[in-house]
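# Coordinate inspection notes
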Amino acid sequence: NNNNNNNNNGNNNTKTRTFVYSKRNAEYHRNVAESLLPTLEQCGYTDIRIKGGGRILRDDKKRRVHIFGYSYGFGRADHAMAKKVVEGCDSFGGYEVTWSNDGY
């Protein structure tokens with residue numbers, strides 16, 4: 001799930017952040033968003049916008065992450081952007097990250 005969020009914190013220096021979030025066994029993309037939004041709000045993020053969804057396959061043994069598909073409710077996320085976010089995350093250093101618009 002790809003979320004684009006603005007963090008204003010009461011000043012004029014507005015920053016845009018992109019988050020990629022996955023929740024194992026979530027039935028719908030809405031369930032992923034419902035669990036993430038309160039946390040982002042508590043951290044001071046405002047004007048939170050869900051830009052789309054998809055699927056993430058993670059294989060820790062092979063050190064691979066594959067991002068694909070779309071959400072019926074939120075549409076297709078920008079998987080190229082999601083790939084960049086995952087590649088920039090320390091937790092996935094050394095992982096092969098791929099994406100595709102194929103599949104649901």
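Please read all numbers here as calculations on a predicted model, not as lab measurements. (Residues numbered from 1 in each chain as written. Predicted model: local features only at pLDDT ≥ 70, side-chain atom pairs only at ≥ 80, totals over all residues. Heavy atoms only, no water.)

## A few points about the overall build of the protein chain
- Secondary structure summary: the protein chain contains 2 helices and 6 strands in total.
- If you list the helices and strands of the protein chain from N to C, you get β-β-α-β-β-β-α-β.
- The buried share among the 104 residues of the protein chain stands at 29%.
- Here the contacts in the protein chain between residues at least 6 apart in sequence split such that 54% fall between residues at least 24 apart.
- Accessible area of the protein chain: about 6,900 Å², with a carbon and sulfur share of 44%. (Helix = DSSP H or I, 4+ residues; strand = E, 2+ residues; numbered from the N terminus. Buried < 20%, exposed > 50% of the residue type's maximum accessible area, 1.4 Å probe, protein only. Contact = heavy atoms within 4.5 Å. Areas by Shrake-Rupley, 256 points an atom, 1.4 Å probe, with all protein chains shown as cover.)

## Here we look at the nonpolar core
- Within the largest apolar cluster, 7 residues are counted, these being V65, I67, A82, V86, F92, Y95 and V97.
- Broken down by secondary-structure element, the contributors of at least two residues to this core are β5 (64-68) and α2 (79-87).
- In contact with V86, other than residues within four places in its own chain, are V20, V65, I67, F92 and V97. (Core = buried A, V, L, I, M, F, W, Y, C linked by side-chain atoms within 4.5 Å.)

## Structural notes on the sheet that holds strand β6 (residues 96-99)
- Read across the open sheet, the 3 strands follow the order β4-β5-β6; overall the sheet is mixed. The strands lining the two open edges of the sheet, one partner per strand, are β4 (55-59) and β6. In this sheet, neighbouring strand axes are inclined to one another by 10° on average, regardless of whether the strands run parallel or antiparallel.
- Across 4 bridges, the pairing between β5 and β6 is parallel. Looking across to β6, one finds that H66 is bridged to T98.
- Packed on one face of the sheet, α2 meets β5 and β6 and runs near 170° to β6. (Pairing = 2+ DSSP bridges. Axes fitted to C-alpha atoms, helices over the stretch in contact; angles between N-to-C directions.)

## Notes on the confidence of the model for the protein chain
- Looking at the protein chain, the pLDDT average stands at 88 and 88% of residues meet or exceed 70.
- Across residues 2-12 the pLDDT falls below 50, and counting only partners more than four positions away or on other chains, this stretch makes 49 contacts in the model. (pLDDT = per-residue confidence, 0-100.)

## Here we look at α2
- Taken together, the buried positions of α2 are occupied by H79, A82 and V86. Summarising the axial view, the buried residues of α2 lie within an arc of 50°, below the 170-degree limit, and thus occupy one face.
- Of the residues that open α2, the one with a side-chain oxygen 3.2 Å from the backbone nitrogen of A80 is D78. (Arc of directions from axis to C-beta. Polar contact = N/O pair within 3.5 Å; in protein donor to acceptor, adjacent residues only side chain to side chain.)

## Description of helix α1 (residues 29-42)
- When the terminal C-alpha atoms of α1 are compared, their 21 Å separation across 14 residues agrees well with the 20 Å that a helix rising 1.5 Å per residue should span.
- The sharpest bend along α1 reaches about 25° and sits at L36, with the proline P38 one to four residues further on.
- Within α1, the full set of buried residues consists of H29, V32, A33, L36 and L40.
- Positive backbone phi, approximately 95°, marks G44, located one or two places after α1. (Expected span 1.5 Å × (residues − 1). Bend = angle between axes of the 7 residues up to and from the residue.)

## Notes on the pattern of salt bridges
- In total, this model carries 5 salt bridges according to the counting rule given.
- In this structure, D47 engages R49 in a salt bridge whose closest nitrogen and oxygen atoms are separated by 2.6 Å. (Salt bridge = Lys/Arg side-chain N within 4 Å of Asp/Glu carboxyl O.)

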